[in-house]
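Here are the chains, one letter per residue:
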Amino acid sequence: PAMVAQGDSLFHGLIGATSCQACHGADGAQATVAPNLTDGEWLHSDGSWEGIHKTVVAGVMAPKQFTSIMPPYGGIPMTEEHTRAVTAYVYKLSHP
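Residues numbered from 1 in each chain as written. Predicted model: local features only at pLDDT ≥ 70, side-chain atom pairs only at ≥ 80, totals over all residues. Heavy atoms only, no water.

Draft legend 1. Molecular detail of the packing of helix α1 (residues 2-11) against helix α4 (residues 80-94). Viewed as axis vectors pointing N to C, α1 and α4 meet at an angle of 95°, and their least axial separation amounts to 7 Å. Relative to α4, α1 is oriented roughly perpendicular. Each of Met 3, Val 4, Gln 6, Gly 7, Asp 8, Leu 10 and Phe 11 in α1 lies in contact with α4, whose residues at this interface are Glu 81, His 82, Arg 84, Ala 85, Val 86, Ala 88, Tyr 89, Val 90 and Lys 92. Split into classes, the residues belonging to the contact of α1 with α4 amount to nine nonpolar, three polar and four charged. (Axes fitted to C-alpha atoms, helices over the stretch in contact; angles between N-to-C directions. Helix = DSSP H or I, 4+ residues; strand = E, 2+ residues; numbered from the N terminus. Parallel < 35°, antiparallel > 145°, perpendicular 65-115°, else oblique. Contact = heavy atoms within 4.5 Å. Nonpolar A, V, L, I, M, F, W, Y, C, P; charged D, E, K, R; others polar.)

Here's what the structure looks like:
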């Protein structure tokens, strides 16, 4: 729970220099330039924790359905702790 809470804060820009919500929407579902993270349909991974983590680390340089790229780590330097926390939060969005 603590890791997911920290990931929520990172996702929403309360910690760090940017927020994932800017592209994925505040709830992860109202995406305008990036995929919905709540519906269980994964464009760039299999939706597993490991797959999501790999996408956060590597970014998405060749989007399949959107025109905007996702830089590695969302474009900000992240510690491994923060990377794991964001991954946990995004995983929880689609795996309640």
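Draft legend 2. Here's a closer look at the nonpolar core. Leu 10, Phe 11, Leu 37, Ile 52, Val 56, Ile 76, Met 78, Ala 85, Val 86, Tyr 89, Val 90 and Leu 93 together form the largest nonpolar core, which totals 12 residues. No other element matches the five residues that α4 contributes to this core. With near-sequence residues (within four places) excluded, Ala 85 lies in contact with Met 3, Gln 6, Gly 7 and Leu 10. (Core = buried A, V, L, I, M, F, W, Y, C linked by side-chain atoms within 4.5 Å. Buried < 20%, exposed > 50% of the residue type's maximum accessible area, 1.4 Å probe, protein only.)

Draft legend 3. Structural view of unusual backbone geometry. Look at Tyr 73: it is not a glycine, yet its phi comes out positive at around 55°. Inspection of the secondary structure assignment puts Tyr 73 in the loop between α3 (49-58) and α4.

Everything listed here is a matter of coordinates, which is why it stays silent on function.
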